[in-house]
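An overview of the molecular structure
Chain by chain, the residues:
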Amino acid sequence: MGLHRFAARVLGSAMVFVAVAGTLAGAPTAASAADNTPDVVGGTRAAQGEFPWIVRLSMGCGGSLYTSTIILTAAHCVPGSGTNTSITVTAGAVDLQSSTRITVRSTKVYENPRYNSTGAEDWALIKIASPINLPTIPPASSADNSGTFTIMGWGATREGGGQQRYLMKATVPFVDDTTCNGSSSYNGEVVPYAEICAGYMAGGVDTCQGDSGGPMVKKNSAGAWVQVGIVSWGYGCARRNYPGVYTEVSAFTSAIAAAAATL
Ligand code: ARG
């Protein structure tokens, strides 16, 4: 037990500290069609303004606007809690090179202290130097953990692939804990109270390296986007029997609010 999770987390760390390729399912390229690693397919380009609360973080992760001055991301994307002016947050543009993008520096990081002891509960907050005046996205209530979700990011469009200039998106179905932890899948590695799986058991559509920290979302009954997950880990990307594993945001709504109040 723990093999896939460990491999995924090592990849995540390598990405954070060496800033190499990270990423989301996108259109297959000639190169991806030619190699024999499983392609992360099924993604398409997001439209400008479609997901106004998503942000890109300079260490190669995603995040979301929890408030105009606080970003929600993954614990494995940040180096620890405390003063931190080294992260650049890019918002307001699906094209990371857009001349109209907004960039703001971090001031402080709150890494969920329970991440290291539980190996799950993969969430963190980043305070930024000035407000980003774009829509924010609220955490989902527990009732939202079903159906299909929208995933997105600037990460790799295939396992081992490079980061993307344009934001990609895809739709994936909820996978229950029993299926996700089955013997031909994660075999007990998923922590049910803290993690939610999503993807196709047949593979083909998934988040990937560099999408970490970004939001998995759905529309609530009133038609408003709510955040159900945070991209956390997986065995490879889009592999058969291995859906993506996301931090189950609804389990941490109060902990996140309490942490945000300290920033
Ligand atoms: N840990 C990865 C990152 O840092 C995210 C992996 C998500 N993997 C997946 N198969 N859904 O970007």
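Residues numbered from 1 in each chain as written. Predicted model: local features only at pLDDT ≥ 70, side-chain atom pairs only at ≥ 80, totals over all residues. Heavy atoms only, no water.

Within an unreviewed UniProt entry, the label attached to the protein reads Trypsin, and the organism entered is Virgisporangium aliadipatigenens.

Within the secondary structure, threonine 67 is located in strand 3 (residues 61–67). Taking the relative accessible area as the measure of exposure, threonine 67 reaches 27% and is therefore partly exposed. Distance in space between the C-alpha atoms of threonine 67 and proline 131 is 8.5 Å, their sequence separation being 64 residues. (Helix = DSSP H or I, 4+ residues; strand = E, 2+ residues; numbered from the N terminus. Buried < 20%, exposed > 50% of the residue type's maximum accessible area, 1.4 Å probe, protein only.)

This next bit is on the site of the ligand. In the vicinity of the ligand, 17 residues are found, and the nearest of them are Asp206, Thr207, Gly210, Ser212 and Gly236. Contact distances for the ligand include 2.7 Å between a nitrogen atom and a side-chain N or O atom of aspartate 206. Here a nitrogen atom of the ligand sits 3.1 Å away from a polar atom, N or O, in the main chain of serine 232. Taken by itself the ligand offers 350 Å² of open surface, and the protein chains cover 99% of this. Elements supplying a minimum of two residues to the shell around the ligand: helix 1 (3–18) and strand 13 (225–233). Per-element tally for the shell around the ligand: the top contributor is strand 13, with three residues. Considering only residue class, the shell around the ligand consists of five nonpolar, ten polar and two charged. (Near = heavy atom within 4 Å. Polar contact = N/O pair within 3.5 Å; in protein donor to acceptor, adjacent residues only side chain to side chain. Areas by Shrake-Rupley, 256 points an atom, 1.4 Å probe, with all protein chains shown as cover. Nonpolar A, V, L, I, M, F, W, Y, C, P; charged D, E, K, R; others polar.)

Before going further, it helps to examine the packing of aromatic side chains. For the structure shown, the criterion picks out eight aromatic pairs. Judged by centre distance (5.7 Å) and plane angle (50 degrees), the ring pair of phenylalanine 51 and tryptophan 53 falls under tilted. Given a relative accessible area of 3%, tryptophan 53 falls into the buried group. On the numbers, 5.0 Å between centres and 65 degrees between planes, the contact of tyrosine 186 with tryptophan 233 is edge-to-face. (Phe/Tyr/Trp six-rings, centres within 6.5 Å; stacked < 30°, edge-to-face > 60°.)

Further remarks concern the pairing of strand 9 (residues 148–153). The element strand 9 is largely enclosed, with a buried count of five among its six residues. Judged from the six bridges that link them, strand 9 and strand 10 (residues 168–175) form a sheet pairing that is antiparallel. Looking at strand 10, one finds that glycine 153 is bridged to methionine 168. Examined bridge by bridge, strand 9 and strand 12 (residues 215–219) share two bridges and lie antiparallel to one another. Looking at strand 12, one finds that threonine 150 is bridged to valine 217. (Pairing = 2+ DSSP bridges.)

Right, let's get into the confidence of the model for the protein. Overall, the prediction assigns the protein a mean pLDDT of 87, with 83% of residues at 70 or greater. In the model, residues 6–41 has pLDDT below 50 throughout and makes 104 contacts with residues more than four positions away in sequence or in other chains. (pLDDT = per-residue confidence, 0-100. Contact = heavy atoms within 4.5 Å.)

Note that proline 173 resides in strand 10. Sequence separation between proline 173 and tyrosine 200 is 27 residues, and the spatial gap between their C-alpha atoms is 6.7 Å.

Attention shifts here to the state of the cysteines. Inspection of every chain in the model, using the stated rule, returns three disulfides. A disulfide bridge connects cysteine 61 with cysteine 77, and the sulfur atoms are separated by 2.1 Å. On the S-S bond that ties cysteine 61 to cysteine 77, the torsion sits near -85 degrees, and the link is left-handed. Linking cysteine 61 in strand 3 with cysteine 77 in the loop between strand 4 (70–73) and strand 5 (82–83), this pair joins segments that are 16 residues apart in sequence. Like cysteine 61, the residue cysteine 77 is buried in the burial classification. Residue cysteine 208 pairs covalently with cysteine 237 via a disulfide, S to S 2.1 Å. Every disulfide takes its handedness from the sign of the S-S torsion; for cysteine 208 and cysteine 237 that torsion is 80 degrees, giving right-handed. (Disulfide = S-S within 2.5 Å.)

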